[in-house]
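Below are the chains, spelled out letter by letter.
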Amino acid sequence: MISLTGVTKRYRATEALTRLDVTLGDAGIVAVMGRNGAGKSTLMSILAGLAAETEGSISLLGEPLRRDRRALRAATTLLPQELRLDPAVPAREMIRYLLRLRRRPDDAVADLIEVFGLTGLADRPLGTLSGGTRQRAGLVYAFAAATPVLLLDEPTQGLDPWERLRFTEHVARVAATRLIVYSTHIVSDVEAIAGRVLILEGGQLVHNGTTDDLLARAPSVWQIDADAADLAELGTHGQVSGVTRLTDGTFRVRRLGDRFSDTAKPVPPTLLDAYIAVTGGAQ
Ligand SMILES: Nc1ncnc2c1ncn2[C@@H]1O[C@H](COP(=O)(O)OP(=O)(O)OP(=O)(O)O)[C@@H](O)[C@H]1O
């Protein structure tokens with residue numbers, strides 16, 4: 001269990017996190033969402049014991065941590081957004097090397113290579129693999145490390161739908177016994193597996209609850225069909241949360257808030273509507 005109390009992180013003039021209070025349990029899936037620059041990666045680095053908070057305090061298993069973050073680092077594995085690795089080294093060798101560095105076991109590597117569809121690719125130099133394949137090699141490392149807490153920074157970025165499915169299945173399985181905190185911009189991934197969602201907006205925690213709690217925060221949603229000229233108008237005067245092109249070339253638009261036209265019809269809110277509403281403050 002990791003608790004942050006009043007955690008603020010400043011980088012010179014930028015306040016990346018502001019007075020965060022969060023407690024994370026010992027198993028399950030926590031999704032961290034928020035717009036670009038909201039503070040997700042900063043939160044991940046602090047949870048991993050790799051960055052220090054400017055103010056506030058952190059405790060691990062109820063014990064307040066001082067400056068020494070070794071216990072936090074030992075309990076967590078961070079898969080950063082971009083794992084900068086030697087392109088000449090084969091994926092399997094790099095995974096084993098990273099695990100050895102951290103004194104973690106490597107007995108699960110062969111199985112995980114299969115789980116993440118890297119059989120036949122794992123012995124090729126990393127530099128010759130596609131971006132999504134390198135991302136999967138990173139996932140093999142993170143899951144093989146088998147620490148009680150996994151911190152995955154945008155782990156599904158670059159994965160094709162098949163690989164994303166494999167990832168969500170694996171995460172769901174592992175989360176029975178471990179805590180998985182992952183950041184993402186993909187609402188459907190959150191809907192599928194996250195037990196809890198944290199949303200950051202400009203460094204502040206604006207949501208901390210289940211996906212149902214988030215859905216309950218959605219405002220009224222109205223649907224209207226519009227042509228391209230009306231589309232711009234709809235976006236100027238209200239928060240649009242979705243646009244779908246119809247076969248006749250017009251657009252089906254979802255807009256949040258008050259009813260704005262007699263022809264707009266009420267539709268049930270989705271998690272994406274709620275997310276757009278909760279993070280729309282700066283728009
Ligand atoms: N090392 C740093 N030095 C200075 N400013 C930083 C540093 N790292 C992050 N920031 C700033 O802190 C804020 C939060 O950045 P962070 O990377 O945590 O956001 P994020 O939510 O992960 O964004 P994204 O979705 O784009 O990955 C941003 O304003 C960013 O510019």
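The residue numbers shown here count from 1 along each chain, following its written sequence. In keeping with the predicted nature of the model, local features appear solely for residues at pLDDT of at least 70, side-chain atom pairs appear and are counted solely at 80 or more, and the whole-chain, interface and lining totals rest on all residues.

J.: Describe in detail the packing of helix α3 (residues 91-101) against helix α5 (residues 131-145), supporting the description with residues and values.
T.: Where α3 contacts α5, the axes come no closer than 10 Å and their chain directions differ by 35°. Both α3 and α5 take part in a crossing whose hand is right-handed. Between α3 and α5, the contacting residues are Ala91, Met94, Ile95, Leu98 and Leu99 on the first element and Ala137, Val140, Tyr141, Ala144 and Ala145 on the second. Only Asp, Glu, Lys and Arg are considered charged, only Ala, Val, Leu, Ile, Met, Phe, Trp, Tyr, Cys and Pro nonpolar, and every remaining residue, Gly among them, polar. The residue inventory of the contact of α3 with α5, partitioned by class, reads 10 nonpolar, no polar and no charged. Between the N-to-C directions of two axes lies an angle of 0 to 180 degrees, each axis being a line fitted to C-alpha atoms and, for a helix, fitted only over the stretch in contact. A run of H or I in DSSP counts as a helix once it spans at least four residues, and a run of E counts as a strand once it spans at least two, with each numbered from the N terminus. Handedness of a crossing is defined here by the sense of rotation of the near helix relative to the far one, left-handed for an anticlockwise turn of less than a right angle and right-handed for a clockwise turn. With C-beta atoms placed from the backbone, a contact is any residue pair whose C-beta atoms sit within 7 Å.

J.: Give me the environment of Arg66: which residues, what numbers.
T.: Mapped onto the fold, Arg66 is located in the loop between β5 (63-64) and α2 (70-75). Note: C-alpha distance between Arg66 and Ile95 (29 residues apart in sequence) is 31 Å.

J.: Explain the pairing of strand β11 (residues 221-226) to me, and be specific about the residues and the numbers.
T.: Here β11 pairs with strand β13 (residues 251-256) via 6 bridges, running antiparallel. Looking at β13, one finds that Ile224 is bridged to Val253. Strand pairing is assigned whenever DSSP detects at least two bridges linking the two strands. Pairing geometry for β11 and strand β14 (residues 265-267), over 3 bridges, is antiparallel. Note that in β14 the partner of Trp222 across the bridge is Pro266.

J.: Hey, could you go over the site of the ligand for me, with residue numbers and the actual values?
T.: In this text, near has one meaning. A residue is near a molecule or strand if its C-beta atom, placed using the backbone, is within 6 Å of it. Around the ligand, the neighbouring residues are Tyr11, Thr14, Ala16, Gly34, Asn36, Gly37, Ala38, Gly39, Lys40, Ser41 and Thr42. At the level of elements, β2 (14-24) and α1 (40-47) are the ones that each hand at least two residues to the shell around the ligand. Considering every element that reaches the shell around the ligand, the biggest residue donor is α1, with 3 residues. Tallied by class, the residues present in the shell around the ligand amount to 3 nonpolar, 7 polar and 1 charged.

J.: Any details on helix α10 (residues 271-278)? Residues and values, ideally.
T.: Three exposure classes are used. Buried residues have 20 or more other C-beta atoms within 10 Å of their own C-beta, exposed residues have 12 or fewer, and partly exposed residues fall in between, all C-beta atoms being placed from the backbone. Turning to α10, its buried residues are Asp273, Ala274, Tyr275 and Ile276. The elements touched by buried residues of α10 are β3 (28-34), α7 (187-193), α8 (211-216), β11, β12 (239-245) and β13.

J.: Mind laying out the domain arrangement of the protein, listing which residues take part and the relevant values?
T.: Boundaries of every domain are those given by an automatic assignment or by a domain database. According to the domain assignment, the protein consists of domain 1 (2-84 + 144-211) and domain 2 (217-280). Counting from both sides, the interface comprises 11 residues of domain 1 and, opposite them, 5 residues of domain 2. Within the residue set of the side of domain 1 that touches domain 2, elements represented by two or more residues are β3, α7, β9 (196-201) and β10 (204-209). The biggest single contributor to the side of domain 1 that touches domain 2 is α7, with 3 residues. Of the residues belonging to the side of domain 1 that touches domain 2, the class tally is 5 nonpolar, 3 polar and 3 charged.

J.: Could you give an account of the UniProt feature "domain: ABC transporter" (unreviewed entry) in the protein, naming the residues involved and the relevant values?
T.: UniProt positions are given in the numbering used here, feature names are shortened, and annotations may be inferred rather than shown by experiment. Taking the numbering used here, the UniProt-annotated feature "domain: ABC transporter" (unreviewed entry) corresponds to residues 2-227. In the segment residues 2-227, helix accounts for 33% and strand for 30%; the C-alpha atoms at its two ends are 50 Å apart.

J.: Describe the pairing of strand β7 (residues 149-153), listing the residues and the values that go with them.
T.: A large share of β7 lies buried, amounting to 5 of its 5 residues. On β7, burial covers both faces: Val149, Leu151 and Asp153 on one face and Leu150 and Leu152 on the other are all buried. Bridging between strand β6 (residues 76-79) and β7 involves 4 bridges; their strand directions are parallel. The residue of β7 that forms the bridge with Thr77 is Leu150. Pairing of β7 with strand β8 (residues 179-183) involves 5 bridges; the strand directions are parallel. Its bridge partner being in β8, Leu150 is matched across the sheet by Ile180. On the question of chirality, the crossover connecting β7 to the parallel β8 by way of helix α6 (residues 161-174) is right-handed. Whether a crossover is right-handed comes down to one check: with the strands pointing away from the viewer, does the path from the first strand over the helix to the second run clockwise; if it does, it is right-handed.

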